[in-house]
Amino acid sequence: MRILPTFLAAALFIGAGTALADDYAVGQLEIGQPWARATPPGASTGGGFLTVTNEGETADRLVSAASPIAGRVEIHEMRVTDDVMKMRPIADGVAIPAGETVEFKPGAFHIMFLELKGPIEQGEPVPVTLTFEKAGSIEVEMVVAPPGAPGPEHGHEHEGGH
Amino acid sequence: MHRRMIAVLVGAVFAVAATLAVFTMLVVSNAPNGVQQTGVADIGGPFTLTDETGARVTEADLHGKPSAIFFGFTFCPDVCPTTLFELSGLIDRLGPEADKMNWVFVSVDWERDGPQELQDYLQAFDDRIRGFSGTKEEIEAVTEAYKVFYERVPTEDGGDYTINHTASVYLMDAEGGFAGTLGYGEDPDTMFAKLKRLVADA
């Protein structure tokens, strides 16, 4: 019987460890799993992704993003409608409704890095400052996955040593 | 009374059969060389472009093997790398059979993408994927032939642009005839099955 609390404590500890490795919090917002795609040689743009969960009672908004690796950073929406890929900058930011999680992922919203100062490479996390209307700013590090990878998992694989 | 009904029925069946026969003859006679035509079969056709080494290429260079052709641009941060990553995975899965196909990325960004840009860009993906580029006129011709939609959209500051474009991969048979598509977001196993069939039919 005594083993159960120990097990639970261990499980909680592991859970907390994972959360610390990937997640950030600012105000009532939780930022989950920020990651970016490595850029193919010569590419001058790149994409970054993450999730934002609003644990609060009031809506917030991601209004801008900045990174030392890029001349410009924009928030874009990508959508495939009738087999046509359309991408558009979201000038007024992305709403993060109270109690909801907004996913920035391939095929949806992404953080677009323009005028890259160098390639985005695996093993070199990308620092990004996210600015929210109410919660303020936070700097996160994006793990880097291979070009075109569907998710951040490959980034972890590549880093090894975890 | 009974007899007359049977006669009417027989007449009706005959009429339907005759209509079908005539219709079939018309359809078959419309199809050149007896090849079955579908409403979308006019996708594809002649083009002249430049490959990643700077050599001129035409549709004739692709004939003899089925092809998977994807239209995009290198400034594209989402669907293009996603699709090229997926194609690289499918090529890997096909193993040696992948060599029995042409794998082509055509850039519709005639202003920014040339052979050098494509050669660099494609290093990140399977080396069997070739990169074709062209002048404005050449890109307009190939996108028209393949019924590919693309439009340049200026970005906010006006000095730059992005391109909205068709997201599917076009599958062509060894003679350059349209053989289907791999849809954006389609199940990878379905894509794999389509490619297997395309290679087997070649």
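Basis of the calculations
Residues numbered from 1 in each chain as written. Chains lettered and ligands numbered in written order. Predicted model: local features only at pLDDT ≥ 70, side-chain atom pairs only at ≥ 80, totals over all residues. Helix = DSSP H or I, 4+ residues; strand = E, 2+ residues; numbered from the N terminus. Buried ≥ 20, exposed ≤ 12 C-beta atoms within 10 Å, placed from the backbone. Contact = placed C-beta atoms within 7 Å. Nonpolar A, V, L, I, M, F, W, Y, C, P; charged D, E, K, R; others polar. Pairing = 2+ DSSP bridges. Core = buried A, V, L, I, M, F, W, Y, C linked by C-beta atoms within 7 Å. Arc of directions from axis to C-beta. pLDDT = per-residue confidence, 0-100.

Notes on the overall build of chain A
- Across its full length, chain A carries two helices and 11 strands.
- Moving toward the C terminus, one meets the helices and strands of chain A in the order α-β-β-β-β-β-β-β-β-β-β-β-α.
- The buried share of chain A, taken over its 162 residues, is 36%.
- Taking the contacts inside chain A whose residues are at least 6 apart along the sequence as the reference set, 67% of them involve residues at least 24 apart.

What to know about the interface of chain B and chain A
- Between chain B and chain A, the contact holds 25 residues from the first and 26 residues from the second.
- Those elements that provide at least two residues to the side of chain B that touches chain A are helix H2 (79-94), helix H3 (115-122) and strand S7 (161-166) of chain B.
- Per-element accounting of the side of chain B that touches chain A gives the leading share, five residues, to H2 of chain B.
- Here the side of chain B that touches chain A is composed, by residue class, of 11 nonpolar, 10 polar and four charged.
- Inspection of the sheet shows strand S6 (residues 84-89) of chain A paired to S7 of chain B by two bridges, in the antiparallel sense. Following the sheet pairing, Val 84 of chain A is matched in S7 of chain B by Thr 166 of chain B.

Description of the nonpolar core
All names here are of chain B.
- With 80 residues, the main nonpolar core has Leu 87 and Val 106 as its most contacted residues.
- Sorting elements by how many residues they give to this core places H2 first, with seven residues.
- Residues in contact with Val 106, not counting those within four places in the same chain, are Leu 49, Ile 69, Phe 71, Phe 132 and Val 142.

Considering H3 of chain B
Residues and elements named next belong to chain B.
- Those residues of H3 that sit buried are Glu 117, Leu 118, Tyr 121 and Leu 122. Buried positions in H3, seen along its axis, are confined to an arc of 115 degrees and lie on one side of it.
- Elements that come into contact with the buried residues of H3 comprise strand S4 (102-107) and strand S5 (129-132).

Comments concerning the environment of Lys 105 of chain A
- Residue position: Lys 105 of chain A is located in the loop between strand S8 (101-104) and strand S9 (109-116).
- Considered as a pair, Lys 105 of chain A and Glu 141 of chain A are 36 residues apart in the sequence and their alpha carbons are 16 Å apart.

Examining the confidence of the model for chain B
Residue and element names in this part refer to chain B.
- In the predicted model, chain B carries a mean pLDDT of 85, and 78% of its residues have values of at least 70.
- Contacts from residues 22-37, a stretch scored under 50 in pLDDT, to residues over four places away or in other chains number four contacts.
- If you check the scores for this complex, the pTM reads 0.77 and the ipTM reads 0.75.

Things to note about the pairing of strand S2 (residues 29-37) of chain A
Residues and elements named next belong to chain A.
- Among the nine residues in S2, seven count as buried, and that is most of the element.
- With three bridges joining them, strand S1 (residues 24-26) and S2 adopt antiparallel strand pairing. Paired with Val 26 across the bridge in S2 is Leu 29.
- In sequence, S1 turns back onto S2 through a hairpin of two residues, with Gly 27 there showing a positive phi of about 60 degrees.
- Relative to strand S3 (residues 46-54), S2 runs antiparallel, the two being bridged by six bridges. In the sheet register, Ala 36 faces S3, and the bridge partner there is Gly 48.
- Across three bridges, the pairing between S2 and strand S11 (residues 136-145) is parallel. Note on S11: the bridge partner recorded for Arg 37 is Ala 145.

Considering the environment of Asp 83 of chain A
- Mapped onto the secondary structure, Asp 83 of chain A falls in the loop between strand S5 (70-81) and S6.
- Given 14 C-beta atoms within a 10 Å radius, Asp 83 of chain A is considered partly exposed.
- Through-space distance from the C-alpha of Asp 83 of chain A to that of Thr 58 of chain A is 36 Å; in sequence the pair is 25 residues apart.
- With sequence-adjacent residues up to four places away left out, Asp 83 of chain A is seen in contact with Thr 166, Ala 167 and Ser 168 of chain B.

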